[in-house]
Structures are given as structure tokens and as C-alpha cells.
Amino acid sequence: MSKQDKNTHNLIHNKHPETKNIIFAMFFTTIEININMMNFTPVELSFAKENERLFQTNIPYLCVNNSPSLGLLTALRFLEWVGQHPEGVISLPTGKASEHFIFWVKKILEEWNTPEGQQLRMRHQLDLSEKPVFSGLHFVQADEFYPINPDQHNSFYNYVQKYYVKGFGLDASKGLFINCNEIPLVGKKSYNEIFPGHCVDLSLRYREAKNNTEKLQQNSILMIDEWCSEYERKIRDLGGIGFYLGSIGPDGHIAFNVRGSDFFSTTRLTSTNFETQAVAASDLGGIEVSRFRPVITIGLSTICYNHDATVIISAAGEAKAEVVQQALEEPASIQYPASVLSGMPKARFYLTNGAASMLQDSVYQYYMKSPWNQEKSDRAIIDLCKRIDKFSDKLNLQDLSNDTYCRHIPQLSMQSVQDSINSIVKKIEKGMASIHGKVIYNTAPHHDDILLGMLPYLSHIANDSSNQLYFSIMTSGFNAVTNPFLIQHLSNTLKLLRQGDIQMVFYPNFFTGGYKLKRVKDVYHSLIKIASHQYEEFLRGFAHRIVRNIVIIWEIKSVQELDDKIVELIGFTKSCYDGQKMPADIQQLKGMIREFEEELVWGHFGMMEDHVHHLHLGFYKGDIFTEKPDIQRDVTPILEELRKLKPDIITLAFDPEGNGPDTHYKVLQTIAEAIRLWSQEYNISQLKIWGYRNVWYQYHPSEVSHIVPVSLNDISAFNEAFANCYLSQVDASFPSYKLDGKFSTLAQNIWVEQLRTIQLLLGKPFFFENPNPQLRATHGLLFLKEMNGEEFLAEALKLTKSVQGI
């Protein structure tokens, strides 16, 4: 950063409000000068110009609207760099976050000589004399789990070989790869022999080995350390990494350099923290595996060794906003690993608007680049109360005037605070208003999304029998069922079958058609056993449904054939590695387990089985990269339901930018297209869309329309429903990085925290002294955003463009 840049940066971070506002005004009037100061490349300038953004931070960054656009930007910049460094050293990311990057690199190369391809390159100033060739590049694999079989689809080695070496046409002989089979151990033994169960105790580096097994492990760990040191030397012999592209983790990590990593760290075998383990759980088959699996990673010093390297960190969605802000605006610290890049002249962050939303300049643009409205006043005042930890009735005019953003509220006075109080109270009143005579079509990407996002509200609406509630789960959700869970319940089913405790299989017509009957009885039987605390009998009801599903999938014709099939399934599943993609029939069985769990949840509230729909959208196949939604395959089933039900209200997980899992984003694309098509044949002027959010990302209270009181009774019913029905999720095998526990516990924590935020504005007495008993009983708050059909279709248009191409 130049001296002038540092001076501007220091002034912007000055706490004096008048100085801040003067500098902000100066900053935005000299944006073109700042663009040149950042030494952006032609490709980067094309995005900087399109977005009219340049934010002065420790590390320069660019913003785009969504994940596909982020993939386009990174792909173009990569090709621009390769065109200038055809024999350079590169390190590219692994995992789902790379989907759009890989897609765009291939698309641009495939369409290089087409009019569309030429137009795209011209628009983004990718001015290369010839099409880039990758065969001269040297690839460096950044990290890997240890140990892991490199042939497994969930190993990063396998990923690199499939998508980069083969997919991009790299020369493998010029690459440096982390192949666990090729890392030498004591006596040339395999890691399965040295580390039974793949348990690597890194404390053996520093303590005395207690037995011969530990001695072998200790010496092997030191040999791995030696291998890592040699790997580091090879990277440096190449001159270091010239182009590094990676994402930022929930704790701020880059590669596997977790929070607290030494800025001078090199390639090493190391353990990780919970946040990183939670994210890795989906790759390794559950937190039970990732919690104890160390990693080999290049270090922060490795990434920065070549001072002239192009280093790009990408991040999408508001869920990453805090770690992005810390890396870009806080002083460089090992608490923020990516902040090490502040000393790299060609380091960049590429962000979606959501990921940049906590940066000072983004906040300033939100407030100052469009007309002021009540939402801005609400946000400014609520954030002020949180920032200075003060209830609104304790605020004074000086507090408001000294705040960078509150001071811009038109006709600022203490009445401004009252106006925000009134605004929030109206949202609470809307969240308490009765819903009568409505058809409500509730949609969810996964089987627990509706419960986690809306249950307290929907349970009250369901109490009015004039309302008709339908539930459509868009994907089969088989990835959420671990192999150990499946083995456990198949084993229990086999035991009950052999004991004669699954009596329905002995009915004469069971295997010819009887298995299709009385499915609703499985739900009722299970729930009544929950009520009577007969857990073993509840599991028998669960086993009944597993039997029906096995008969359906494999067309079983006899009890003996059923027994044999269960034995076969147990044996096969035991032979699979953790996280392995299962055959389609076992995926179907896992998905049907999730379906039964969902039916149990809504059976709690009296919903009939025919009101719970399972759409099995075809893009969800368990691959690393899910397919794009297809109109005929994925949109049409939703469109048919809209035509049939003609809902007054549609609820959906509102994730227009890709904050949460990839499935959320693609399901929203699919629903949006279905509503758009429906609008061409049906008047949707009265249609309401309720966007909910759950454990993956949350609303700010200023941007919602409904604030719903949540009582302890609601919370109790919510926790009971989750624990009793979502058996596959109780052990939290795939937790959020925010909590080492069940999603239901995290959702409860979020509701309680949202109440605390609103209490700062309204005061605690507003609730516990309120004449309304529903408010007196409030111990959490749930947020929803209501849109009309036109507003939602505006979002749908953005989504459609992001799918079709930028």
C-alpha cells in the first residue's frame, strides 16, 4: 500500500465522525484515481467500472452480484494471468466453491473463437493474442486430509487430478501433489497399518511413546514432517506460487491455515479447529470423522514466498461478511490469517456484495448512495444501540449526532428513535396478526429447513383450520444420512424382522401390494409411541417404514428375500469409505428415511401425509458439483403444484446470493422460474412470498416485514419435534460451524439473540410488562421478509440471468 493509500486508510478509520464523513465524500469523488492506484489489471478494471466500486482497505477487492459472477471474474483473471505466464506456478482451490470458476474457464476456452466468446472477452478486456494453453503450467496442491485414500472421490488429490489435470489439460509431471499413498512411513508400511482407524495423535511429536505402536506412529509423524519440509523446498525451488486462488473459511482460514496460524508457517501436518472440521464434515462423511482427521497444508509463508504473486481470495454471501471485514479492515493479525496478504502488492479479494456487506465502504454506500428511507433509519439506530451497548431510552441526541450514519437521518431528533420503535412494533404486530382462509405452499431445499426457519409461526397458523398448509421438499436429502446411521437402523430392522416383530410382512398380500397400504399408520404409530415414552416401539415404527421402502426400491417378493437384501445392504454399506457417493438405490433409501422424518414432523401438527410432498428435483445427485436446474426436469414439478394448489402464500428459503449451501441457491432459482412461468397463465397480483432464513444466514431486523414472537412453549415444541423426528440429525453429524451441536439448538440461539437485539430498541419492559400475553411470553423472535409477486419476480430475473450467463 502506498503512503497516500495508507494516509487515506488511516483517515477513513479515524473515529471522529466529521473527519470520517469528509473523507468518505472525498473518496467517492476520486474513485477513478483510486482505481489506478490499485494497479488493477484490464480484466479487473472491467469489473471495477461495471460496479463503480473501489473500496480502500488493507487489501484491494472487487464486488460482483452473485456466485456465478464471482466464478466469471476469477476465471477471466486466471486466463489473463496464464496468457502472461504460460509456464507459471499455480495453485487452485478444491471443493464446491470452485464450481463456477471451473465452469467459466471451460466455457470461455470452448467458445474462444465463437462470436459470443469474443464478445465476452472484449467486454471484460481479456486481450490475449492467442488462446491460453495450460500444459506448460506447474500446479501446486495446497492441502489434503491425512490420511485419505487418493482414489476416493472426496480426496483433494482426486479432485485436482479430475478437474485440473484432466479437466484443464495440465501436465501432471510438472505438478506437486499430496498423495497420501506416496508419503513414506516407517518400514514402508501403509498408513492403514501405522494409523489404525486413521487416528493420528500429533501429541507424539512432543511426548514419550508409551508402546511400540506409538513408537511407530511417532517416527512416522516425523517422516511426514520431513516430507512436508521437502514439499516446501520444491515449491520454493520453482520460485514460489505465482498465481494462488482460494476461498476463505468460516474462521478466516486460507488453505488449512486456521485462525492463529503463524504468518511464517510453511507446509506441515497439523490439526484444525471446530469451524474447519464442521465445513469438512460434508466431505468426509460427518463430524465424527473430520473432528479427528489432521491435514497437510501449505503455510501462509508458502503462499507469500513469491512477493510478486497474484493471490486471490474469493468469498460469497453474508455468512462470510465478518471474516472478510476482519481480514480487510482490522490490523494484520494471526487471528485473521488472510490479513497476511496485506503485504502482497498483487493480492486481491473477489467478493459478492453480501460478503462485502460489513466493510465500511459498503455500509457507507448502502446509506449514502440512494434516498434515505425508514429501513435505513431502523438499521442505523439498531446498530448504534448494539455498537455502544445502550438501550434506546438511554440514547441522547449527541449519541445520534456523533454516529457516522444516524447523523444523516433527515430531521434528526429523538423522535427519530421513536419512529424506529414504531416501525419495529408494526412488524411485530404483523407477525402476530391472524392468518385466515389461506392456502400456504411451504417449500424447502432440505427436509429440516422449514422447521428451522418457520415452525413457531406455522404452528400458530395451522391452529386455524381454515388455513390449508402444504409442504414440498425439493431434494431427497440423502447426503444428510450417514452410513453409520443407515447401518444402525438396518441392523435394528433385521433384528425385529427375525424376531417376528414386523408382523405386516406375514400378511398374504404384503409383497404384492399390501406394502403400499397404511403408510400413514407408520407415522401415527411412531408418534403415539413418542407420546407414551416407548422408544423401542417408536423404532419399530421406524423399521416398518424402512421395510416398506426396501420392498418398493428392490421389488422384494418374500420375507427371505427381504432378509437377504437387508444383510446385503448392511455388508455393502460397511465396505464403503466415509463420505463415499453411494449407488442410486441406496441414495433413494437414505432419501426415503429423510422423507419419513419430515412426515413425522408435520404429523406432530396434524398434517396429513398427502399434504407433505417430496419432489426429488433431479439436479440433486450427490456429486461435488450439482447440476444446474433444468426447466422440464426440475421446474415443471413445482409449476404443476402451483397450478393445482393455487397458493395465496409461498414460503421459501430466501438466499438470492448463495449464503448457505449450494442447494439453497439452486432451489431458489428453480422456484423463481416456476413462479415466473405460472405468472404467465395466472394472476399473481395478490400472491405473497415469505422468505425465511435459518441457521445458515440471518436477516437484519430493518429488512424484514414480519417479526414473530417465539415463546418457551414454541421452543419446547420445536426442540421436541426436531429431536423426536429427525433421528438422522440428532447427533449433528453435519453441524453448522457456528455451533458444535444440533441445528435446533443453533436456531433457538438465533431466535434468542434476535430478541436481545430488538430489546435494545424497544426495551425489555415492552415484552414482560406488555398487556398482550403473547408478548409477555416472548423469549425469542423469528424474522420473515414478505414480497409481492412483482418484487419476487424482479429477484427471479436476476437469478435467471445468473444461470443463463452473465
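Residues numbered from 1 in each chain as written. Predicted model: local features only at pLDDT ≥ 70, side-chain atom pairs only at ≥ 80, totals over all residues. Heavy atoms only, no water.

## Details of the sheet that holds strand E12 (residues 612–614)
Taken together, seven strands build an open sheet; the order of strands is E12-E11-E10-E13-E14-E16-E15 and the sheet is mixed. The open sheet has two edge strands, E12 and strand E15 (706–711), and neither has a second partner. Shown here is a sheet whose adjacent strand axes are inclined to one another by a mean of 25 degrees, direction ignored. Where E15 and strand E16 (residues 778–788) come together, six bridges link them in antiparallel fashion. Within E16, the residue paired with Ser 711 across the bridge is Thr 778. Relative to E12, helix H24 (residues 584–603) is tilted by about 165 degrees, and along the sheet it contacts strand E11 (468–473) and E12. (Pairing = 2+ DSSP bridges. Helix = DSSP H or I, 4+ residues; strand = E, 2+ residues; numbered from the N terminus. Axes fitted to C-alpha atoms, helices over the stretch in contact; angles between N-to-C directions. Contact = heavy atoms within 4.5 Å.)

## A look at the layout of surface pockets
When its volume is computed, the second largest pocket comes out at roughly 360 Å³. Taken together, 14 residues line the second largest pocket, and the ones lying closest to its centre are Met 504, Tyr 507, Lys 518, Lys 521 and Arg 548. Within the residue set of the lining of the second largest pocket, elements represented by two or more residues are helix H21 (519–531) and helix H22 (535–554). Tallied by class, the residues present in the lining of the second largest pocket amount to four nonpolar, five polar and five charged. (1 Å grid on protein atoms, 1.4 Å probe; cavity = no way out; pocket = protein on both sides within 12 Å on 5 of 7 lines; lining within 4 Å. Points joined across faces, edges and corners; volume = space filled by probe spheres on them. Nonpolar A, V, L, I, M, F, W, Y, C, P; charged D, E, K, R; others polar.)

## Focus: the nonpolar core
By size, the foremost hydrophobic cluster in this structure holds 80 residues, and its most contacted members are Leu 451, Leu 490, Val 505, Ile 550, Leu 562 and Trp 602. For this core, the leading source of residues is H22, giving ten residues. Once residues lying within four places of it in the same chain are set aside, the contact partners of Leu 562 are Leu 497, Val 505, Val 547, Ile 550, Val 551 and Ile 556. Tyr 61, Cys 304, Ala 338 and Ala 355 belong to the second-largest nonpolar core, a separate cluster that totals 62 residues. (Core = buried A, V, L, I, M, F, W, Y, C linked by side-chain atoms within 4.5 Å. Buried < 20%, exposed > 50% of the residue type's maximum accessible area, 1.4 Å probe, protein only.)

## Re the packing of aromatic side chains
In this structure the tally under the stated criterion is 37 aromatic pairs. Taking 5.8 Å as the distance between ring centres and 50 degrees as the angle between the ring planes, the aromatic pair formed by Phe 145 and Phe 256 counts as tilted. One end of the pair, Phe 145, is in strand E4 (residues 143–145); the other, Phe 256, is in the loop between strand E5 (243–247) and strand E6 (268–270), with 111 residues separating them in the sequence. Relative to Phe 767, the ring of Phe 766 lies with its centre 5.0 Å away and its plane at 85 degrees, an arrangement referred to as edge-to-face. Given the relative accessible area of 2%, Phe 767 is considered buried. Aromatic rings pair up to connect Phe 78, Trp 81, Phe 101, Phe 134, Phe 139, Tyr 157, Tyr 159, Tyr 163, Tyr 164, Phe 168, Phe 177 and Phe 243 into one cluster. (Phe/Tyr/Trp six-rings, centres within 6.5 Å; stacked < 30°, edge-to-face > 60°.)

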